[in-house]
Amino acid sequence: MIRLSARSAVTIAIASVFGLITLVWPLLVHRTDDHLVQPPWVFLLLLPIVVLVVVAEMSEDGLDARALAILGVLSAVDAVLRGLSAGTAGVEFVFFLIILGGRVYGPAFGFLLGCTGLFASALLTAGVGPWLPYQMLCSAWIGLGAGLLPRATGRAEIMLLTAYGIAVSFLYGLLLNLQGWPMLAGVAIAGHHEMLAFDPSASVGANLGVFLRYTLVTSTTSYDLMRAITTAVAILLLGGAVMTTLRRAARRATITGVVQEPSGQVASRRQA
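Structural notes, computed from the coordinates. The model shown is predicted, which means the values in this text are computed figures rather than measured ones. (Residues numbered from 1 in each chain as written. Predicted model: local features only at pLDDT ≥ 70, side-chain atom pairs only at ≥ 80, totals over all residues. Heavy atoms only, no water.)

### Focus on the overall build of the protein
Thinking step 1. Each helix and strand counted, the protein has ten helices and two strands in total.
Thinking step 2. Listing each helix as α and each strand as β along the protein from the N terminus yields α-α-α-α-α-α-α-α-α-α-β-β.
Thinking step 3. Buried residues in the protein amount to 46% of all 272 residues.
Thinking step 4. Partitioning the intrachain contacts of the protein with sequence separation of at least 6 by distance along the chain shows that 72% fall at a separation of at least 24.
Thinking step 5. As presented, the protein carries roughly 13,900 Å² of accessible surface, and 68% of it is formed by carbon and sulfur atoms. (Helix = DSSP H or I, 4+ residues; strand = E, 2+ residues; numbered from the N terminus. Buried < 20%, exposed > 50% of the residue type's maximum accessible area, 1.4 Å probe, protein only. Contact = heavy atoms within 4.5 Å. Areas by Shrake-Rupley, 256 points an atom, 1.4 Å probe, with all protein chains shown as cover.)

Encoded structure:
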């Protein structure tokens, strides 16, 4: 388990606030003039840098060689899983491994796995684009939250993770839809009524109601629902076996060096 120090916790908190602003920016805009409404480009350009700073900070703080090896393997497996499912009709297997990794190795590891897993899968599936930092940050939150869930064992733990997987599957789609809503559904023009369009002159409550209708129509009952189902089924069927394997990998001894015995023989030094 990667230790989550106070400094790393503060770094994650600052990055999370920064990222949340870039995700919910349509609800923070209020304009009554006819000027062009655009997303906060400065924030969008800085978001990848913020994510990289957080990953570097946490890696420096407590990521030893063994944890780095496990992180690399799980990120590669996550990339392959996403390549196999590719999000077709919402069928995605990428989140269940992030949830299990965060649960077994802790919130710091879950945050890192969410970032590196989505980044590796984007390279593999040609999914690199302006949406990638958002996906990485939201996935990092999913892994972080899995590591912060209350203690449970046996079937109760599986049910807890299943319920968590369903909830975050819908929340992930909700947040990604929100940041792109004005660009995909359009911006309402004064004097014209657009049922699902973003209206910069409307109140937060009014825009929130329109957005909820928009996301319900476009993804909640289709892509997000299928994502929740596939994540829940994967955890129910494979969660116990995968977590057992991950916990066994964390306990296995690893060779860290060699020790020269007085007799001249070379003995391996192992770390439990």
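Let's pick the thread back up.
### Re the packing of aromatic side chains
Thinking step 1. Enumeration according to the criterion identifies three aromatic pairs in this entry.
Thinking step 2. Measuring from ring centre to ring centre gives 4.7 Å for Phe95 and Tyr172, while their planes differ by 65°; the resulting arrangement is edge-to-face. Remark: Tyr172 occurs in helix α8 (residues 154–185) and Phe95 occurs in helix α5 (residues 94–105); sequence separation between them is 77 residues. Here Phe95 matches Tyr172 in class, with each residue buried. (Phe/Tyr/Trp six-rings, centres within 6.5 Å; stacked < 30°, edge-to-face > 60°.)

### Concerning the pattern of salt bridges
Thinking step 1. Scanning the model with the defined rule gives four salt bridges in all.
Thinking step 2. With a shortest N-O distance of 2.8 Å, Glu92 and Arg227 are connected by a salt bridge. Taken together, the positions of Glu92 in the loop between α4 (65–85) and α5 and Arg227 in helix α10 (residues 223–251) put the pair 135 residues apart, joining distant regions of the chain. Taken individually, Glu92 and Arg227 each receive the classification buried, so the pair is uniform in this respect.
Thinking step 3. For Glu157, the salt bridge identified is with Arg247, shortest N-O distance 2.9 Å. Within this pair, whereas Glu157 is found in helix α8, its partner Arg247 is found in helix α10, the two being separated by 90 residues in sequence. (Salt bridge = Lys/Arg side-chain N within 4 Å of Asp/Glu carboxyl O.)

### Describing the side chain of Gln135
Thinking step 1. Mapped onto the elements of the fold, Gln135 is located in helix α7 (residues 132–147).
Thinking step 2. In contact with Gln135, not counting residues within four places along its chain, are Arg82, Leu118, Tyr172 and Leu176.

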